[in-house]
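Coordinate inspection notes
The residues making up each chain are set out below.
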Amino acid sequence: NNSFNFITVNQIPFLSFSNTLQSTDPVEKEDVESIRNNASKNFQLQNRIVTLQDYNNFLQTNFSQILKSFSVVNNDDYVDRYLNYFLNIGLNKPNDDSRVLFNQVNFNSINQANNVYLFLVSKFNNVDANDNLNYVSTSQKSSIVNAFQKQQQANINVVPVDPVYTAFSLGLRSDDTETITKDISDQSFLVIKRDVLSNTSTEAIKERINNIFVNYFENLNLGSLVSLKELSNQIFSVGGVDDIRTRRVINNNTVNEVEGINLVVYNPIYPNNDIELISSDLLLPFFKYPYLQGKSILSKIIIENA
């Protein structure tokens, strides 16, 4: 078009952009099976949103392409469980947390009696391989809030909330007196005892076990049950695996070793306030989203002959 005024190569260095948030990645259009599943939920709504299940169905029907996980709670659960969590880990008041304050300022009203809270996890790179935490953008949150206003009750205020990311990694104390820190994961390893009669290579076993961990945590959502029993069962299904142990190594010396999988679990924002070791299943609250530290444990897998 000859009427266009094109930017020249010499002008490009003088351009700058004021976007404060990144754009979202493109996604595939909704497939037939997804349409079939969402159609029934959309019919149940009957163009109105009243119950918490209605809010869940609306999110699933309209925003499943940008949300990996979400949970909807009323004011009681938000105050009694979510805000109380921050008090329990040592904050003087919940608004001391930057994400809580950010969402309160942007989306909350003065009257909080009729609030419905949406805990949202983005489908796009919510936690990357460097453990950088990403949240649903402000523009996306605004779009979600505006969509609800067309069908919900007039006196309801929808408030989007960011999840509490929760990191999982291999972790074992050197002894019962050691104070738990997230750094113990750097010295903790998953030891796989390999059947001496197995012809499966050690590298193949490592890759398969690492993929089990990666895929397992990728499939978890807000409030999921993190089942070490299920993880163990999947690992034992790998050919050649005879036993599973967790080992703590300091300066090339084994200082502790136990049977089974042991993990350290912590809030990466407050790692000294919210941290624990687990050797059995753990059910997370509705506001916690689990992820595998570093998106891999490949470098922490040791294969030894049984």
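Throughout, residues of each chain are indexed from 1 in the direction in which the sequence is written. A pLDDT threshold of at least 70 governs which residues receive local features in this predicted model, and a stricter bar of 80 or more applies before side-chain atom pairs are shown or counted, although totals over entire chains, interfaces and linings include all residues. Hydrogens are left out, water is left out, and the side-chain values use all remaining heavy atoms of the structure.

The subject of this paragraph is the packing of aromatic side chains. For Phe, Tyr and Trp, rings pair up if their centres lie within 6.5 Å, where Trp contributes its six-membered ring, and each pair is then called stacked (planes under 30 degrees apart), edge-to-face (over 60) or tilted (otherwise). Inspection of every chain in the model, using the stated rule, returns 19 aromatic pairs. Ring centres 4.9 Å apart and planes at 80 degrees place the aromatic pair Tyr82 and Phe119 in the edge-to-face group. Here the residue Tyr82 occupies a position in helix α3 (residues 75-88), and Phe119 occupies one in strand β2 (residues 115-122), the gap between them amounting to 37 residues. Pairing Tyr165 with Tyr291 gives two aromatic rings, centres 6.3 Å apart and planes at 80 degrees, and the pair type is edge-to-face. Strands are runs of DSSP state E lasting at least 2 residues, helices are runs of H or I lasting at least 4, and numbering of each runs from the N terminus.

Quick look at α3 now. Multiply 1.5 Å by the residue count of a helix minus one, and that product is the helix's expected span. In this model, α3 (14 residues) spans 18 Å end to end at C-alpha, consistent with the 20 Å of a helix rising 1.5 Å per residue. Here's how the labels work: a residue is buried when its accessible area is under 20% of the maximum for its type, exposed when over 50%, partly exposed in between, all with a 1.4 Å probe on protein chains only. What α3 keeps buried is the set Asn75, Tyr78, Tyr82, Leu83, Tyr85 and Phe86. Looking down the long axis of α3, one finds its buried residues gathered within 135 degrees of arc, a one-sided arrangement. Away from its buried face by more than 90 degrees, α3 exposes Asp76, Asp80 and Asn88. Contacts are residue-level and defined by heavy atoms, with any inter-residue pair within 4.5 Å sufficient. Along its buried surface, α3 packs onto β1 (67-74), α4 (98-107), β2, β3 (157-161), β4 (164-170) and β12 (288-292). Sitting at the amino-terminal end of α3 is Asn74, which places a side-chain oxygen 3.2 Å from the backbone nitrogen of Asp76. Positive phi shows up at Gly90, right after α3, with a value of about 110 degrees. The directions considered for the arc run from the helix axis to the C-beta atoms. By the criterion applied in these results, polar contacts are pairs of N or O atoms within 3.5 Å in which, for protein atoms, one can donate a hydrogen and the other can accept it, and in which residues neighboring in sequence qualify only through two side-chain atoms.

The rule for a salt bridge is simple: a side-chain nitrogen of Lys or Arg has to be within 4 Å of a carboxyl oxygen of Asp or Glu. One pass over the full model with this rule turns up ten salt bridges. Asp162 is paired through a salt bridge with Lys141; the nearest N and O atoms lie 2.9 Å apart. Here Asp162, found in the loop between β3 and β4, pairs with Lys141, found in helix α5 (residues 138-149); they are 21 residues apart in sequence, far enough to count as distant. Lys141 carries the same exposure label as Asp162, and that label is buried. The partner of Arg245 in a salt bridge is Glu257, with the nearest N and O atoms 2.8 Å apart. On the criterion of sequence distance, the pair formed by Arg245 in strand β7 (residues 241-250) and Glu257 in strand β8 (residues 253-259) is long-range, its members being twelve residues apart. Among the ionic contacts, a cluster of salt bridges with common partners joins Lys193, Asp243, Arg245, Arg247, Glu257 and Glu304.

In this section: helix α2 (residues 52-63). Between its terminal C-alpha atoms α2 stretches 16 Å, which fits the 16 Å expected from twelve residues at 1.5 Å a residue. Along α2, the residues classified as buried are Asp54, Tyr55, Asn56, Asn57, Phe58, Leu59, Thr61 and Phe63.

Take the sheet that holds β7 next. Spatially, four strands are ordered β8-β7-β5-β13 in an open sheet, and the strand pairing comes out mixed. Both outer strands of the open sheet, β8 and β13 (301-305), are each paired with one neighbouring strand and no more. Ignoring strand direction, the axes of neighbouring strands in this sheet form an average angle of 35 degrees. One requirement defines pairing of two strands: DSSP has to find at least two bridges between them. Examined bridge by bridge, β7 and β8 share six bridges and lie antiparallel to one another. Only the contacting stretch of a helix is used when fitting its axis, a line to C-alpha atoms as for every element, and angles between N-to-C directions run 0 to 180 degrees.

This paragraph deals with the side chain of Asp128. Assignment of secondary structure puts Asp128 in the loop between β2 and α5. No salt bridge is formed by the buried Asp128; its nearest oppositely charged neighbour, Lys295, is found at 7.9 Å. At a separation of 2.9 Å, a polar atom in the side chain of Asp128 contacts the main-chain amide nitrogen of Asn130. Separated by 2.8 Å, the side chain of Asp128 and the backbone nitrogen of Asn132 make a polar contact. When charges are tallied, Lys and Arg are placed among the positive residues and Asp and Glu among the negative ones, while His and the ends of the chain are skipped.

What follows is about the side chain of Asp243. Along the polypeptide, Asp243 turns up in strand β7. Overall, Asp243 belongs to the buried group, its relative accessible area being 19%. Once residues lying within four places of it in the same chain are set aside, the contact partners of Asp243 are Val191, Ile192, Lys193, Phe236 and Glu259.

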